[in-house]
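# Residue-level structure breakdown
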Amino acid sequence: MSPKLWLPVILVVVFAGATDVAGAYNRPPPQDTLIESLAGDSDPTTPQQVHISLAGENGIRISWITNTHTLPTVYYGISSGKYDHSANGTISSYEYLTYTSGEIHDVVIGPLDPNTIYYYCFALGTTHGYSFKTPPASFPIKFVISGDLGQTGWTKSTLEHISQTNYDVLLLPGDLSYADMLQPLWDSYGRLVEPLASQRTWMVTQGNHEVERIPAIHPSPLTAYNARWHMPFEESGSTSNLYYSFEVSGVHVIMLGSYTDFDSASDQYQWLEADLQKVDRNKTPWLVVLVHAPWYNTNYAHQDEKESVDMMESMEGLLYKARVDIVFAGHVHAYERFNRVYNQESDDCGPVHITIGDGGNREGLASKYKEPQPTISAFREASFGHGEFEVVNGSYALWSWHRNDDDESVQSDLVWIKSLVSNPACNKLVI
Ligand SMILES: *[C@@H]1O[C@H](CO)[C@@H](O)[C@H](O)[C@H]1NC(C)=O
Ligand SMILES: *[C@@H]1O[C@H](CO)[C@@H](O)[C@H](O)[C@H]1NC(C)=O
Ligand SMILES: [Fe+2]
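Treat the numbers as computed from the prediction; the structure is a model and nothing was measured.

### A look at the sheet that holds strand β10 (residues 117-121)
Here 4 strands make up an open sheet; going across it, the order is β5-β4-β10-β11 and the pairing antiparallel. Edge strands, defined here as strands with exactly one partner in the open sheet, are β5 (85-88) and β11 (130-133). Neighbouring strand axes in the sheet, compared pairwise and without regard to direction, differ in orientation by 30° on average. In terms of strand pairing, strand β4 (residues 73-77) meets β5 through 4 bridges, oriented antiparallel. Residue pairing in the sheet places Y75 in a bridge with S86 of β5.

### Thoughts on the site of ligand 2
The local shell around ligand 2 consists of V392, N393, Y396 and W416. Within the contact set of ligand 2, an oxygen atom lies 2.3 Å away from a side-chain nitrogen or oxygen of N393. For ligand 2, the protein covers 37% of the area, taking 360 Å² as the surface of the free molecule. A per-class count over the shell around ligand 2 returns 3 nonpolar, 1 polar and no charged.

### Description of unusual backbone geometry
For the peptide bond that leads from G110 to P111, omega is 5°, which places it in the cis range. Note that the residue after F139, namely P140, is joined by a cis bond; omega there is 0°. Residue placement: P140 occurs in the loop between β11 and β12 (141-145). Look at L97: it is not a glycine, yet its phi comes out positive at around 50°. Secondary-structure assignment places L97 in the loop between β7 (95-96) and β8 (99-100).

### Some remarks on the UniProt feature "domain: Purple acid phosphatase C-terminal" (unreviewed entry) in the chain
UniProt's entry tags residues 350-408 with the feature "domain: Purple acid phosphatase C-terminal" (unreviewed entry), counted in the numbering of this structure. The span residues 350-408 shows a helical share of 0% and a strand share of 47%, and its end C-alpha atoms are spaced 34 Å apart.

### Considering the pattern of salt bridges
Applying the stated rule across the entire model yields 15 salt bridges. Measuring nitrogen to oxygen at the nearest pair gives 3.4 Å for the salt bridge that ties K142 to E388. Of this pair, K142 sits in strand β12 while E388 sits in strand β23 (residues 385-391); the two residues are 246 residues apart in sequence, bridging distant segments of the chain. Given the relative accessible area of 7%, E388 is considered buried. R337 serves as the salt-bridge partner of D413, at 2.8 Å between the closest nitrogen and oxygen. Remark: R337 occurs in strand β19 (residues 335-342) and D413 occurs in strand β25 (residues 408-418); sequence separation between them is 76 residues. Across the pair, exposure class does not vary: D413 and R337 are buried alike. Connected via shared salt-bridge partners are R61, D106 and E235.

### Describing the domain arrangement of the chain
Taken domain by domain, the chain holds domain 1 (48-133) and domain 2 (141-422). Centre-to-centre, using C-alpha coordinates, domain 1 lies 25 Å away from domain 2. The partner domain 2 presents 33 residues to the 26 residues of domain 1 that form the contact. Between the two partners, domain 1 and domain 2, sit 2 salt bridges. Applying the counting rule to domain 1 against domain 2 returns 18 residue pairs in polar contact (both at pLDDT 80 or more). Considering only residue class, the side of domain 1 that touches domain 2 consists of 14 nonpolar, 8 polar and 4 charged.

The rules behind the values
- Residues numbered from 1 in each chain as written.
- Chains lettered and ligands numbered in written order.
- Predicted model: local features only at pLDDT ≥ 70, side-chain atom pairs only at ≥ 80, totals over all residues.
- Heavy atoms only, no water.
- Pairing = 2+ DSSP bridges.
- Helix = DSSP H or I, 4+ residues; strand = E, 2+ residues; numbered from the N terminus.
- Axes fitted to C-alpha atoms, helices over the stretch in contact; angles between N-to-C directions.
- Near = heavy atom within 4 Å.
- Polar contact = N/O pair within 3.5 Å; in protein donor to acceptor, adjacent residues only side chain to side chain.
- Areas by Shrake-Rupley, 256 points an atom, 1.4 Å probe, with all protein chains shown as cover.
- Nonpolar A, V, L, I, M, F, W, Y, C, P; charged D, E, K, R; others polar.
- UniProt positions renumbered as here; feature names shortened; annotations may be inferred.
- Salt bridge = Lys/Arg side-chain N within 4 Å of Asp/Glu carboxyl O.
- Buried < 20%, exposed > 50% of the residue type's maximum accessible area, 1.4 Å probe, protein only.
- Domains from an automatic or database assignment.
- Contact = heavy atoms within 4.5 Å.

Shown next, in the form of structure tokens:
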């Protein structure tokens, strides 16, 4: 907590004029859901809403939807138009009130080589071809992070900026479609993100907008989310799609679930404890956690919710002992970066907490902050945008936040983060 220990841990890079630009920027009002993204293809056999995610070591899960029956088969290979491998998977669908989903196809392919472009399609001889790039086997790797995305014109700007970053893996800390029970909006969201999500792995966790529970009428929560966004929970020893972990290029990423049980007797807690124990910091020097409701937050929005307060009380100690480097959250529609903290105080061995719930949804921005800014809060601003987390090596990563000045992406916060395992004062306590 002493400044002389703290300084080498995070070197804040100051941008000339950054505060002036922030002050001059006129933040946009909320926007409604994009109407053009609602239209689907009229041919019911056309694959749509294609997205991919990491699935175990060297595997990738591919998901797509058709409005009529088609086979759950992926053809793939490393040359365009030459699909010399194939794999089969499963088909499912779900019902919600009067809505019945299309056929949700789910196929895991692999083993795949790292840092390689693969071409794929769902029927040989078709004109609908896709491609993706697998993440690198080792550093450097670039993650892009943006929560509370929605599907407005602001979302579109964020997605355009993200598509220009040459990222490897997208991390989404909850609140995807803002369908809010109107199921066709899950379909339009799937179509809106497909150009990006079919080319790079998208790893997500749930937010409150995914719950979609109606007491007595549709009592089970998270139906559409679980059916449409199957994450690698089986591969990580979890019994629920709502929390899981994965390893990529020397980073162990844990996705926690804010909208399922998290108390010390819960399955999630037991799973988290076991997962943290399995982390080998020689193999994955970086340890990163995502959650929806932020544990640290100086915005007036979403204060004192149990998903923040009670979950933090339950799990913060576990994360601290395990030397988690960073906790990313969403929920508050703004950007805020904290210094390393534990138990409400600066702590050199605690995680950096970052709220990045500013993807661009229709509810708009959360712009009222508690004053004065507490010293643990290093940077806060209510603007739409996205974050980039570039892990350079086992010791250093560059974190940057890019605000949407309407259509333009403006880098507005930039900081080097040093991993906790490379800090001798902290790594002796690693479990
Ligand atoms: C996939 O299923 C089809 C149809 O049942 C079958 O002909 C094919 O051999 C299967 N492919 C693989 C890779 O298992
Ligand atoms: C890690 O990257 C940083 C930033 O580029 C560099 O200064 C440092 O020497 C690198 N460390 C190792 C161990 O390669
Ligand atoms: Fe939320």
